[in-house]
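Coordinates in review
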Amino acid sequence: MSSATFAIAIRFNATPRAEPYVPEPVLSDYGLEADPGVPGLFEGQGLQPERLAALLGELAESVRSPAAEGVVASGLLDDVWISIRRDA
């Protein structure tokens, strides 16, 4: 029996000054790509459950950094939306 895979979309609601703090290298390591038509949107599909869990864990770690805390406190990054769905 094959394991289900998942698609994920992550949208960072950030000002342009916050772009250096968006963890784009982490996202690209997991196969997510920026959508050039929507600022701050990264999408990927075909993630195995273990990879999805690892990605979410790395995102959680990245927001614990002092730099990330400053970005949130300053209002440069308002929120992050994450949508996860099972691939068809």
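Structure: above.
About the criteria used
Position numbers for residues start from 1 in each chain and track the written sequence from start to end. Owing to the predicted nature of the model, reporting of local features is limited to residues with pLDDT of at least 70; listing and counting of side-chain atom pairs is limited to 80 or more, with chain, interface and lining totals taken over all residues. Heavy atoms from the whole structure form the basis of all side-chain values; hydrogens and water molecules are not counted. Any Lys or Arg side-chain nitrogen located within 4 Å of an Asp or Glu carboxyl oxygen qualifies as a salt bridge. Note on pairing: DSSP must find at least two bridges between two strands before they are called paired. Helix and strand labels come from DSSP, where a helix needs a run of H or I of at least four residues and a strand needs a run of E of at least two; each type is numbered from the N terminus. The contact definition used throughout considers only heavy atoms, calling two residues in contact when any of these lie within 4.5 Å. Helix axes are fitted to C-alpha atoms over the stretch in contact, other axes to C-alpha atoms as well, and angles between N-to-C directions run from 0 to 180 degrees. In protein, a polar contact means a hydrogen-donor-capable atom and an acceptor-capable atom, both N or O and within 3.5 Å, with residues adjacent in sequence counting only if both atoms are side-chain atoms; elsewhere, any N or O pair within 3.5 Å suffices.

Attention shifts here to the pattern of salt bridges. Opposite charge on two side chains permits them to pair, given that their charged atoms come into close proximity. For the coordinates displayed, the defined rule picks out one salt bridge. Between Arg85 and Asp87 there is a salt bridge whose closest N-O contact spans 4.0 Å.

Let us look at the sheet that holds strand E4 (residues 77-86). Taken in spatial order, the four strands make up an open sheet running E2-E3-E1-E4, and their pairing is antiparallel. The outermost strands of the open sheet, each flanked by one partner alone, are strand E2 (33-34) and E4. Judged from the five bridges that link them, strand E1 (residues 6-14) and strand E3 (residues 41-47) form a sheet pairing that is antiparallel. Paired with Ala9 across the two strands is Glu43, which belongs to E3. Packed onto the sheet, helix H2 (residues 49-62) meets E1, E3 and E4 and runs at close to 15° relative to E1.

With respect to the helices and strands, the residue Thr5 is situated in the segment before E1. A polar contact of 2.8 Å, which involves the side chain of Thr5, links it to the side chain of Asp87. Ignoring anything within four residues of it in the chain, the contact list for Thr5 reads Gly46, Leu47, Gln48, Arg85, Arg86 and Asp87.

Sheet analysis places E2 next to E3, joined by two bridges and oriented antiparallel. Bridge pairing links Glu33 to Glu43 in E3. Hairpin connection of E2 to E3: six residues between the antiparallel strands, including Gly40 at a positive phi of 80°.

Honestly, it's all geometry; don't read function into it.
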